[in-house]
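Listed below, chain by chain, are the residues.
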Amino acid sequence: MILDMRTIVFSTVLTDLVCLLVIVLLWRQSRKLFTDITLLALDFALQTLALILIILRGSIPDWASMVLSNALVLVGVLLGYMWLLRFVGQKSVQIHNYIYLTLAVSVQYYFTFVQPDLAARGINTSVGLLFLCFQCAWLLLYKVPAPIRPLTRGVGITFVLYCLLSIIRIAEFFTSAHMKTDFFQTSTFDALVMLVYQILFIVATYSLVLMINKRLHMDISIQEEKFSKAFRSSPYAFILTRLSDGKILEVNDSFINITGYQYADLKGNTSINLHLWDKEEDREFVVDELSRSGKVLNREFQFRKKSGEKLTGLYTAEMITINDEPCILSSINDITARKQAEEAQSAGERQIRQLIEQIPDGFFTLRPDGQFIMANSRLCDMLGYTREEIQRINILDTYPPELREAGKQRLAALRTGDALYFERPMLRKDGSVFLIEASAAVSADGSLQSIIKDITKRKQEEEKVSSLNIELETRVAERTHELRNSQMALLNLVDDLNQSAEKIDSINQSLKATNKELIAFSYSVSHDLRAPLRSIDGFSHILLEDYEDKLDDEGKIYLERIRRATQHMGQLIDDMLNLSRVTQFEFHLDDVDLSVMVRNIADVNQQRSPLANLVVDIQEDIIVRADQRLINIAMTNLLDNAFKFTGKTKHPRIAFGAAIRDGERVYFIRDNGVGFDMAYANKLFGAFQRLHRTEEFPGTGIGLATVKRVIDRHGGKIWAEAEPGKGATFYFTLPERNS
Amino acid sequence: MSEKIILLVEDNPDDVELTLRAFKQNNISNKVVVARDGVEALDYLNGIGMHEGRDVKDVPVLILLDLKLPRINGLEVLKKIRSNEMTRLLPVVILTSSIEKNDLINCYETGANSYVRKPVDFKEFSDAIKSLGLYWLIMNNPAPVRIS
């Protein structure tokens, strides 16, 4: 078979053109995406052009058809390689290729004009192709990262085939015998080679197109993946709606979650008929804004959930065109919670601010250098500055000049993180000074905070207390000293008392002894004194009786007088014994019926020496608390007196009873006898005192003394009232029964 | 067994004199034996000492006993009298100046039958003796003598 080179080349040109067309279409479609695809287009263009030049050999100058064409082929491949590099994202400097290319073109020129050699030219071209195609193959099969290799494998293999072809051609050149001078007058082999080149070219085109297509698909996939993921998983609610009517095209999961709608609810609905917008005019505003600037950024709007609940959202939207329809891609950031938190925080802040204003102490914050940031109104009042004025001054301005240094040190201490508590004088705007108690610390944000309290008053109080205390202490010391002296005196007194007590004790003892002696004495007296008296009386009596006729009247009278004297003495002795017994007897209180006692005594007396016409008037049931024996002695004595002194009364009347005198209970014995002169009443109760003469009324004068002693021992009083000739009443009191 | 004897135990001679006179004046004619102190009294009653050989069965019908006696005092005598089987039941009248409570109690405790205070006034004294005699010698029935 004779394969006509020219025909093959010609058909190659045609196929090249078709391929070029494909590539150009591809270029047109993809140049937005693959900006460098121009290089590829140029590659194909040059290849085609080169072939055309070859075809036109003879018609055009040799330099064009031989040198330029080959140059164009190589340049084209180089361009293709450069595009491939960009396509796979690997750029590299092609200086080596530029150099080689220049070299190859030079060689081509040489072997065209200087030493025309078809074989040489053929080898040169093949080598050039090999060189470049090898680089392409190498790039596409090895240099690209593994994930991309599936994409580039097709084209890579094509280039490998190109390389092989080139190698075969070169080999053939070296092994073929005959010289070739004309390209077109070549052998079958060459024609075959050309054919193969043609086929490869088509294959290359196909594979490039496929590669690009695959790449596009990959890119779309990735884009879609990216977009989808971003859309689906965004924490913001995404919604894609048609601009014109708000038809919901797409929503993401967050939208579902935030609004409560389900995918089913949204199908076919619009954002308008679902009332997603709280206010219709908001949507209109957004549409407006989008139309003007294409985007809305972070505007706060109110939206409505499925439940009707309102949510506050930060709304961002962009206009995008899908299928030539303007759509809105919106994202809503649900900031309801944040808003509430913000509200709570500002409420909290308001509360704090209120609190700061309400506290009775001054509160303020400072910058680290001491400049005021804020102060509550209390502080402003304390210092006499207005709020504005305060913010212009430094805390050091409130220190008296001499203490400013200390103030600076304090600030420094605070800045290092110490919390301080101290008292210091504070300077007002008007220059007056007052004392404060302060606590200060650095706060989290670096500012200094302090609370102060005006303690001028408290300090004054403390001073007062302090000075009072000192006064008190001196007084106490004085008193203690005085007390100590008194104590000493008391102790001495006690000593003296103790001594006196001892003395009293010993006196008591001797008194007891004396008492005992007295008792014994009275005992003797009652015996020993009476016996001689008896003798005197007895024998006087005998004398009178037996010697009656021997005695004259006077003698008888004398004897009578002796007898009376002895009897008187006997009575005296008895009375004295009684008197002494009153103090000796042990005192023992009992309930004593005085009425009964008085009656008994009166009866005895009346029996012994009866009084004519005697009337005794005794009040009944007078019961007193007294010593039985002693009160008996007293009553006996009183009644004896009553009987005695009514002895001369015609109608003697003796009365006993009780009465109330000056609120006191008094007992009385009354007689209507001879009475006595009240002028001598003070002598009445004296021992041996008599107010009457013995001839008139015998008596020893001891009786009433005895009675007084008895009443005294009872703790009572006794007194008498009388009128001469009318009678006498003796009153006495006795302490009450229960006292 | 014959006559009723009164034993008077009294140390004061004046008082003895007066007592005897009082007996006489009041027609008390019993034989009165006078013992000048307690020892004599007991001697008499026991038939010893100065009354050696006396018939002790011949007990007095009344003993008038003073308390203040030399040597053995009246209370002691009374005790002795009361402890002697023969004289235990004899009437003893304490005749003394004292009216002390203790004396009274002790005498009665020891078994005196009566206690009379000697008045100073002779008239009264005489009356007292009269009453005593009347009562104890005539009215009163003494205990029968036990001869064991």
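Residues numbered from 1 in each chain as written. Chains lettered and ligands numbered in written order. Predicted model: local features only at pLDDT ≥ 70, side-chain atom pairs only at ≥ 80, totals over all residues. Heavy atoms only, no water.

### Brief notes about the overall build of chain B
Rules: Starting at the N terminus, helices and strands are each numbered in turn, a helix being any DSSP run of H or I of at least four residues and a strand any DSSP run of E of at least two. Partly exposed residues are those whose accessible area sits between 20% and 50% of the maximum for their type, while under 20% is buried and over 50% is exposed, using a 1.4 Å probe and protein chains only. Pairs of residues are marked as contacts when any of their non-hydrogen atoms sit within 4.5 Å. Exposure was quantified through the Shrake-Rupley algorithm and a 1.4 Å probe, taking into account, for residues, occlusion by the shown protein chains and nothing else.
Across its full length, chain B carries five helices and five strands. Written out in order from the N terminus, the α and β elements of chain B read β-α-β-α-β-α-β-α-β-α. Within the span of chain B, comprising 148 residues, buried residues form 51% of the whole. Put simply, of all contacts in chain B between residues at least 6 apart along the chain, 64% involve residues at least 24 apart. Accessible area of chain B: about 7300 Å², with a carbon and sulfur share of 52%.

### Here's the deal with the sheet that holds strand β4 (residues 92-96) of chain B
Residues and elements named next belong to chain B. Under the convention used in this document: Pairing between strands is defined by DSSP: at least two bridges between the two strands are required. Axis definition: a line fit to C-alpha positions, over the contact stretch in the case of helices; interaxial angles, taken between N-to-C directions, run 0 to 180 degrees.
With parallel pairing, the five strands of this open sheet are ordered in space as β2-β1-β3-β4-β5. A single partner strand is all that each edge strand has here, and the edge strands are β2 (31-35) and β5 (114-117). Across the sheet, the axes of successive neighbouring strands diverge by a mean angle of 20°, strand direction being ignored. With five bridges joining them, strand β1 (residues 5-9) and β2 adopt parallel strand pairing. Residue pairing in the sheet places Ile 6 in a bridge with Val 32 of β2. Its contacts with the sheet place helix α1 (residues 13-25) against β1, β2 and β3 (62-65), and it is angled at close to 170° to β2.

### Quick look at the nonpolar core
Residue and element names in this part refer to chain A. Rules: Remark: nonpolar core denotes a set of buried residues (Ala, Val, Leu, Ile, Met, Phe, Trp, Tyr, Cys) joined through side-chain atoms within 4.5 Å.
Grouped together as the largest cluster of nonpolar side chains are 53 residues, with contacts concentrated most on Trp 83, Phe 159 and Ile 212. Contributions of two or more residues to this core are made by α1 (5-30), α2 (37-55), α3 (62-87), α4 (95-114), α5 (118-143), α6 (149-175) and α7 (188-233). Listed in part, the 42 residues of the second largest apolar core include Val 592, Leu 638, Ile 654 and Val 707.

### Quick notes on helix α10 (residues 280-293) of chain A
Residues and elements named next belong to chain A. Put simply, the test is: Each residue after the first adds 1.5 Å to the expected span of a helix. In this context, the arc is that of the directions from the helix axis out to the C-beta atoms.
Look at α10: 20 Å from first C-alpha to last across 14 residues, which is about the 20 Å you get at 1.5 Å a residue. Taken together, the buried positions of α10 are occupied by Asp 282, Arg 283, Val 286, Glu 289 and Leu 290. Here the buried residues of α10 occupy an arc of 125° about the axis, which is enough to place them on one side. Residues of α10 that are exposed and angled more than 90 degrees away from the buried face: Glu 284 and Arg 292. If you follow the buried residues of α10, they end up packed against β1 (237-242), β3 (295-304), β4 (310-322) and β5 (325-334). Remark: Gly 294 follows α10 within two positions and exhibits a positive phi of approximately 80°.

### Topic: the interface of chain A and chain B
The following threshold applies: The quantity reported as buried area is the accessible area (1.4 Å probe) lost by two parts once they are put together, taken as the sum for both. The working definition used for a salt bridge is a side-chain nitrogen of Lys or Arg within 4 Å of a carboxyl oxygen of Asp or Glu.
If you look at the interface, chain A gives 23 residues, while chain B gives 23 residues. Of the roughly 2000 Å² buried where chain A meets chain B, counting both sides, 50% is carbon and sulfur surface. For the interface between chain A and chain B, the tally reads five salt bridges. Residue Arg 21 of chain B pairs with Asp 546 of chain A through a salt bridge whose shortest N-O separation is 2.3 Å. Secondary-structure elements contributing two or more residues to the side of chain A that touches chain B are α15 (456-546) and α16 (553-584) of chain A. Take the side of chain A that touches chain B: its biggest share by element is 16 residues, from α15 of chain A.

### Regarding the side chain of Glu 10 of chain B
Residue and element names in this part refer to chain B. Note the threshold: Pairs of N or O atoms are called polar contacts if they sit within 3.5 Å, as long as, within protein, a hydrogen donor faces a hydrogen acceptor (for residues adjacent in sequence, only side-chain-to-side-chain pairs).
Checked against the element boundaries, Glu 10 lands in the loop between β1 and α1. Judged by relative accessible area, Glu 10 falls into the buried class, the value being 3%. Only 3.1 Å separates the side chain of Glu 10 from the backbone nitrogen of Asn 12, close enough to count as a polar contact. Once residues lying within four places of it in the same chain are set aside, the contact partners of Glu 10 are Asp 15, Val 16, Val 34, Ala 35, Arg 36, Asp 66, Leu 69 and Lys 118.

### Observations regarding the confidence of the model for chain B
Residues and elements named next belong to chain B. Threshold: Every residue carries a pLDDT, the predictor's confidence in it, which falls somewhere between 0 and 100.
With 97% of its residues at a pLDDT of 70 or more, chain B has an overall mean of 88. Per-element confidence in chain B is highest for β3, whose mean pLDDT is 94, and lowest for helix α5 (residues 122-139), whose mean pLDDT is 89. Interface confidence in the predicted complex, given as ipTM, is 0.76; pTM for the same model is 0.38.

### A word on the state of the cysteines
The condition is simple: The disulfide criterion used throughout: a pair of cysteine sulfur atoms within 2.5 Å.
Using the criterion set out here, one finds zero disulfides over all chains in the structure. Free cysteine: Cys 163 of chain A, not disulfide-bonded; nearest cysteine sulfur from Cys 133 of chain A at 5.1 Å.

### A short note on the packing of α4 of chain A against α5 of chain A
All names here are of chain A. Rules: Angles are sorted into four bins: roughly parallel if under 35 degrees, roughly antiparallel if over 145, roughly perpendicular if 65 to 115, and oblique for all others. Note on convention: near helix rotated counterclockwise from far helix by under a right angle means a left-handed crossing. Clockwise means right-handed. Note that Gly is not counted as nonpolar here; it falls among the polar residues with everything else outside the nonpolar set of Ala, Val, Leu, Ile, Met, Phe, Trp, Tyr, Cys and Pro and the charged set of Asp, Glu, Lys and Arg.
Viewed as axis vectors pointing N to C, α4 and α5 meet at an angle of 165°, and their least axial separation amounts to 9 Å. In terms of their interaxial angle, α4 and α5 are classed as roughly antiparallel. In the crossing of α4 with α5, the sense of the turn from one axis to the other is left-handed. Two secondary-structure elements touch here, α4 through His 96, Asn 97, Tyr 100, Leu 101, Ala 104, Val 107, Gln 108, Phe 111 and Thr 112 and α5 through Ala 120, Arg 121, Asn 124, Thr 125, Val 127, Gly 128, Phe 131, Leu 132 and Gln 135. Taken together, the residues that form the contact of α4 with α5 break down as nine nonpolar, eight polar and one charged.

### Topic: the pattern of salt bridges
Inspection of every chain in the model, using the stated rule, returns 44 salt bridges over all chains. Residue Arg 458 of chain A is joined to Glu 437 of chain A by a salt bridge in which the shortest nitrogen-to-oxygen separation is 2.9 Å. Residue Arg 458 of chain A is found in helix α15, and its partner Glu 437 of chain A is found in strand β9 (residues 433-442); the two are separated by 21 residues along the sequence. Judged by its relative accessible area of 34%, Arg 458 of chain A is partly exposed. Exposure remark for Glu 437 of chain A: the relative accessible area of 12% places this residue in the buried category. A salt bridge links Lys 118 of chain B to Glu 10 of chain B, with the nearest nitrogen and oxygen atoms 2.6 Å apart. Of this pair, Lys 118 of chain B sits in the loop between β5 and α5 while Glu 10 of chain B sits in the loop between β1 and α1; the two residues are 108 residues apart in sequence, bridging distant segments of the chain. Through salt bridges with shared partners, a single network forms among Glu 423, Glu 437, Arg 458, Lys 459 and Glu 462 of chain A.

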